[in-house]
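# Coordinate analysis (summary)
Listed here are the chains, written in short residue letters.
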Amino acid sequence: MFTHIMVGASDVERSRAFYDATMGALGYDPAQAPAGAGRLFYGGFGTGALGVGHPANGAPASFANGGTIGLAAPDKDAVDAWHVAGIANGGTDEGAPGVRPNAPGRAYGAYLRDPDGNKLCAFCQLPA
């Protein structure tokens, strides 16, 4: 359904450290943009991509009120690694890894805010 999701960043290189670490924990390659490019992309456009960069209108980066970007994780260990990587690279905890009883199925997930305040989560389904 989506081609990409873009979030704003006030310091793209600081965001590169956070996103390379957290997206790497989910099995994605580091951003394929040279230093100073102003924008980073993770994933492929055939399956959707996550973009991080300076806002195109030149205004300061800000996060969406009530917005959350959900990322698919292959398993529980990847969710745990994602959360640890995020905290170690400038993110803040918004919900420690664990089973989410209000989510469908046997959802296991965690929440973080990136260095600019964008809210992210990583989820997988636990086996029955």
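Please refer to the structure higher up on the page.
Cut-offs and rules
- Here the residue index of a chain counts from 1 through its sequence in written order.
- Thresholds applied to this predicted model are a pLDDT of at least 70 for local features of residues and 80 or more for the giving and counting of side-chain atom pairs; totals over whole chains, interfaces and linings are not thresholded and use all residues.
- The basis for every side-chain value is the complete set of heavy atoms in the structure, and neither hydrogens nor water enter the calculation.
- Labels follow the DSSP assignment, with helices taken as runs of H or I lasting at least four residues and strands as runs of E lasting at least two, numbered in each case from the N terminus.
- A 1.4 Å probe rolled over the protein chains alone gives each residue an accessible area, and that area as a share of the maximum for its type sets the label: buried under 20%, exposed over 50%, partly exposed in between.
- Whether two residues are in contact is decided by their heavy atoms, any of which lying within 4.5 Å being enough.
- Residue-level accessible areas treat just the shown protein chains as cover; the underlying method is Shrake-Rupley with a 1.4 Å probe.
- Pairing between two strands is assigned when DSSP locates at least 2 bridges connecting them.
- Each axis is a line fitted through C-alpha atoms, taken for helices only over the stretch in contact, and angles between the N-to-C directions span 0 to 180 degrees.
- What is meant by a nonpolar core is a set of buried Ala, Val, Leu, Ile, Met, Phe, Trp, Tyr and Cys residues, joined one to another through side-chain atoms within 4.5 Å.
- Pairs were defined over the aromatic rings of Phe, Tyr and Trp, the Trp ring being its six-membered one, requiring ring centres within 6.5 Å. Orientation was assigned from the angle between planes: stacked under 30 degrees, edge-to-face over 60, tilted for the rest.
- Here, a charge over a ring means that NZ of Lys or CZ of Arg falls within 6 Å of the ring centre while also lying within 35 degrees of the ring normal.

This part covers the overall build of the protein chain. For the protein chain, the helix and strand inventory stands at 2 helices and 7 strands. Each helix and strand of the protein chain, ordered N terminal to C terminal, gives the series β-α-β-β-β-α-β-β-β. Scored against the burial criterion, the 128 residues of the protein chain give a buried share of 40%. Taking as baseline every contact in the protein chain between residues at least 6 positions apart, the subset at least 24 positions apart corresponds to 55%. Total accessible area on the protein chain is roughly 6800 Å²; 56% of this is exposed by carbon and sulfur atoms.

Moving on, we come to the sheet that holds strand 2 (residues 39–42). Ordered in space as 1-3-2, the 3 strands form an open sheet in which the pairing is mixed. At either margin of the open sheet sits one strand with a lone partner, and together these are strand 1 (4–8) and strand 2. Going across the sheet, the axis of each strand differs from the next one's by a mean of 20°, ignoring polarity. Pairing analysis gives 5 bridges linking strand 1 to strand 3 (residues 49–53), with the strands arranged parallel. Each bridged residue has a counterpart across the sheet, and for Ile5 the counterpart in strand 3 is Leu50. This element, helix 1 (residues 12–25), spans strand 1, strand 2 and strand 3 of the sheet and lies at about 10° to strand 2.

Note on sheets: strands pair through backbone hydrogen bonds, and any given pair is parallel or antiparallel. The mixed open sheet is built from 4 strands, whose spatial order is 4-7-6-5. With partners counted over all chains shown, the strands left at the sheet margins are strand 4 (69–72) and strand 5 (92–99), one partner each. Neighbour to neighbour, the strand axes of the sheet diverge by 20° on average, direction disregarded. Where strand 4 and strand 7 (residues 119–125) come together, 4 bridges link them in parallel fashion. Paired with Ile69 across the two strands is Leu120, which belongs to strand 7. Lying on the sheet, helix 1 is in contact with strand 4, strand 6 (107–113) and strand 7; it crosses strand 6 at an angle near 175°. Docked against the sheet, helix 2 (residues 76–88) engages strand 4, strand 5, strand 6 and strand 7, running at close to 10° with respect to strand 6.

Core analysis: the largest hydrophobic core is formed by 26 residues, its most contacted members being Tyr19, Leu26, Leu40, Tyr42, Val52 and Trp82. Among the secondary structure elements, those contributing two or more residues to this core are helix 1, strand 2, strand 3, strand 4, helix 2, strand 6 and strand 7. In this view, Leu40 contacts Val12, Ser15, Arg16, Ala31, Ala33, Leu50, Gly51 and Val52; residues no more than four positions away in its chain are not counted.

Working definition: an aromatic ring pair is given by the centre-to-centre distance plus the angle between the planes. Tallied over the entire structure, the rule returns 3 aromatic pairs. On the basis of an interplanar angle of 85° and a centroid distance of 4.9 Å, the ring pair of Phe18 and Tyr19 is categorised as edge-to-face. The exposure classification of Phe18 matches that of Tyr19, with both residues buried. With centroids separated by 5.8 Å and ring planes inclined at 80°, the aromatic side chains of Tyr111 and Phe123 adopt a geometry described as edge-to-face. One end of the pair, Tyr111, is in strand 6; the other, Phe123, is in strand 7, with 12 residues separating them in the sequence. Site record: aromatic cluster; members linked through ring pairs are Phe18, Tyr19 and Tyr42. The ring of Phe63 is capped by Arg113, whose NZ or CZ atom sits 5.1 Å from the centre of that ring.

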